[in-house]
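Chain by chain, the residues:
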Amino acid sequence: MRRPRLEVADIFHRYGAAWRRANAGHVSLGQLQVMSAIENCRSAVLGGHVERCEDCGHHRIAYNSCRNRHCPKCQGAAARDWLAARAGDLLPVGYFHLVFTLPAEIGAIAYQNKAVVYDLLFRTAAETLLTIAADPKHLGARIGVTAVLHSWGSAMTHHPHLHMIVPGGGISLDGKRWVACRPGFLVPVRVLSRLFRRLFLDGLADAHAAGRLAFFGELDSLRNRAAFTAHLAPLRKKNWFVYAKPPFAGPEAVLAYLARYTHRIAISNSRLLALDERGVTFRYKDYRRNGRARYRTMTLASDEFIRRFLLHILPKGFHRIRHSGLLASATCKTNIARARELERDHLKQKHNQHW
């Protein structure tokens, strides 16, 4: 594979040391470790091995990868391995793509409390979807969910949101039949939005009461319970963004989508265009525009580029891909087998009724 003309590693090599000195005392150990891993990835620092062609005898030295989950060079192989492991869990039904987004007013709180707030985002979004789907007024079924955390917008600003992939149906609450959703419609997003808002804000208030949230800098005043409650009050009336995209055209399309999203990082090397005295120039999408006008370029000073990249380093051990409902790991294989069996019976019944 041809090396990109410009890599994040090149930016770190040229400006990383000066950036670390300028920000000493304000950079976490995790961020420093990610910078070091990216700088050393596939270089002599990490060692290497010799690859030899058995046909022609040509050999070359291949340097080892850092395998860090934030490294732009290491995510392709990691995504392929993950997809190979999950391919057998796909059902022969249409799939839906939903997005749960945190309001900007919570963004700064989330950044200072990544492990707590991101975990709450996962739990409340999943609970929302599973609860509404199980309601007989809607689908009346147990469904499965795969959720992927992204903490960035296209310009690498802090924008926490979940991408959720959901089969278009589930197992009836009594476990005896497959319940298919209506064509092109899973559950109402307005209902999802309201329940998600309530569950998340209640969970965030509970975390504050339990002393699990930290505040510093401009947010220091939110340590006070009354100030924190007042900060959240307007959000209880605001519309929260939950978006349902059109369903995928079969499991193959789901795999193609997951290949792009599961192991994506804040910016890929392929989006980088130039590194010069002005800073770093890269491609991004402006989602406020339509058509070709959406595709734009941006130039950031090198220190601002590094700052934005490091905004998205996850806490050590934090899982950014999670499965809920029928796809929860403990019972996934059993549930998938049962869902396939019931879905086949459902199709046979439809076929018999047709004839």
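Details of the structure are given in the entry above.
Source: prediction; values computed, not measured.

Quick notes on the rules
Along each chain, residues carry numbers from 1 onward, in the same order as the chain's sequence is written. Local features in this predicted model are restricted to residues whose pLDDT is 70 or higher, and side-chain atom pairs enter the listing and the counts only when it is 80 or higher, whereas totals over whole chains, interfaces and linings include all residues. For side-chain calculations, the full set of non-hydrogen atoms in the structure is used, while hydrogens and water are omitted. Helix and strand assignments come from DSSP, with helices taken as H or I runs of at least 4 residues and strands as E runs of at least 2, each series counted from the N terminus. With a 1.4 Å probe rolled over the protein chains alone, any residue whose accessible area is under 20% of its type maximum counts as buried; one over 50% counts as exposed, and the rest are partly exposed. Working rule for contacts: check all heavy atoms of both residues, and any pair within 4.5 Å makes them a contact. The axes are straight lines fitted to the C-alpha atoms, using for helices just the contacting stretch, and the angles between their N-to-C directions are given from 0 to 180°. Between 65 and 115 degrees an angle is taken as roughly perpendicular, under 35 as roughly parallel, over 145 as roughly antiparallel, and anywhere else as oblique. If DSSP finds at least two bridges between two strands, the strands pair. Classification of ring pairs uses Phe, Tyr and Trp, with its six-membered ring standing for Trp, and accepts pairs whose centres are within 6.5 Å; under 30 degrees between planes counts as stacked, over 60 as edge-to-face, and the remaining range as tilted. Here, a charge over a ring is recorded when the distance from Lys NZ or Arg CZ to the ring centre is within 6 Å and its angle to the ring normal is within 35 degrees. What counts as a salt bridge is simple: a side-chain nitrogen of Lys or Arg found within 4 Å of a carboxyl oxygen of Asp or Glu.

Asker: Got a minute to help me understand the environment of L102 in this structure?
Answerer: Mapped onto the secondary structure, L102 falls in the loop between β3 (95-101) and α4 (104-112). A relative accessible area of 4% places L102 in the buried class. When the C-alpha positions of L102 and A133 are compared, they lie 21 Å apart, and in sequence the two are 31 residues distant. Setting aside anything within four residues of it in sequence, one finds L102 in contact with V117, L121, P160, F196, F200 and W240.

Asker: Would you mind going over the environment of F248 with me for this structure?
Answerer: Within the fold, F248 resides in the loop between β9 (242-245) and α8 (251-261). You can call F248 buried: its relative accessible area is 16%. Spatially, the C-alpha atom of F248 lies 7.7 Å from that of H97, the residues being 151 residues apart in sequence. Ignoring anything within four residues of it in the chain, the contact list for F248 reads G94, Y95, F96, H97, I165, A253, V254 and Y257.

Asker: Help me out: how do you make sense of the packing of helix α1 (residues 8-22) against helix α9 (residues 302-310) in this one?
Answerer: Orientation of α1 relative to α9, taken along the N-to-C sense of each, is 105 degrees, at an axis distance of 10 Å. By the angle class used here, α1 and α9 are roughly perpendicular. Residue-level inspection shows V8, I11, F12, Y15, G16 and W19 of α1 in contact with α9, the latter providing S302, D303, F305, I306, R307, F309 and L310.

Asker: So what exactly am I meant to see when it comes to the sheet that holds strand β8 (residues 178-180) here?
Answerer: Whether parallel or antiparallel, the strands of a sheet pair through hydrogen bonds between backbone atoms. What the three strands build is an open sheet, ordered β4-β7-β8; its pairing is antiparallel. Among the strands making up the open sheet, the edge pair consists of β4 (141-142) and β8. Across three bridges, the pairing between strand β7 (residues 169-172) and β8 is antiparallel. Bridge assignment links G170 to a residue of β8, and that residue is V179.

Asker: Would you take a moment to explain unusual backbone geometry for this structure?
Answerer: One can expect most non-glycine residues to show negative phi and most peptide bonds to be in trans. Despite not being glycine, R67 shows a phi value in the positive range, around 65 degrees. Structurally, R67 can be placed in the loop between β2 (59-63) and α3 (75-86). Owing to a relative accessible area of 75%, R67 belongs among the exposed residues under this scheme. Of note in this structure, M156 is not a glycine but carries a positive phi near 70 degrees. You can see M156 is positioned in the loop between β5 (144-152) and β6 (158-167).

Asker: Is there a simple way to explain the sheet that holds strand β11 (residues 279-285) in this structure?
Answerer: Pairing in this open sheet of three strands is antiparallel, and the strands run β10-β11-β12 from one edge to the other. Each edge of the sheet is formed by a strand with only one pairing partner; in this case those strands are β10 (272-276) and β12 (295-300). Direction aside, neighbouring strands of the sheet carry axes that sit 20 degrees apart on average. When β11 meets β12, the two strands line up antiparallel, connected through six bridges. Bridge assignment links R283 to a residue of β12, and that residue is T297. α1 contacts β10 and β11 of the sheet and is inclined by roughly 15 degrees relative to β10. This element, α9, spans β10, β11 and β12 of the sheet and lies at about 115 degrees to β12.

Asker: Is there a simple way to think about the packing of aromatic side chains in this case?
Answerer: In this description, an aromatic ring pair is defined by two values, namely the gap between the centres and the angle between the planes. Applying the stated criterion across every chain yields a total of 10 aromatic pairs. Between F122 and F318, the ring centres sit 6.2 Å apart and the planes meet at 45 degrees, which makes this aromatic pair tilted. Here the residue F122 occupies a position in helix α5 (residues 114-134), and F318 occupies one in the loop between α9 and β13 (321-325), the gap between them amounting to 196 residues. For the pair F122 and F318, one class covers both residues: buried. Centre to centre, the rings of F196 and F200 are 6.1 Å apart; their planes meet at 55 degrees, and the pair counts as tilted. On the criterion of helical spacing, the pair formed by F196 and F200 is a turn pair, its members being four residues apart in helix α6 (residues 189-209). Of the two residues, F196 and F200, neither departs from the other in class, the shared state being buried. Taken together, F100, F196, F200 and W240 form an aromatic cluster joined through their ring pairs. Sitting above the plane of the F122 ring, R322 keeps its charged end 4.3 Å from the centroid. Above the face of the F318 ring, R322 is positioned so that its terminal group lies 4.7 Å from the ring centre.

Asker: Can you walk me through the pattern of salt bridges in this structure?
Answerer: Where side chains of opposite charge bring their charged atoms close, a pairing between them can arise. Applying the stated criterion across every chain yields a total of 13 salt bridges. For D202, the salt bridge goes to R236, with nearest N and O atoms at 3.3 Å. Of this pair, D202 sits in helix α6 while R236 sits in the loop between α7 (225-232) and β9; the two residues are 34 residues apart in sequence, bridging distant segments of the chain. Residue D202 is classed as partly exposed on the basis of its relative accessible area of 31%. R236 sits in the partly exposed class, given a relative accessible area of 37%. Taking the shortest distance from any N to any O, the salt bridge between R223 and D220 comes out at 2.6 Å. The class for R223 is exposed, based on a relative accessible area of 52%. Residues joined by salt bridges that share partners form a network here, namely D119, R123 and R322.

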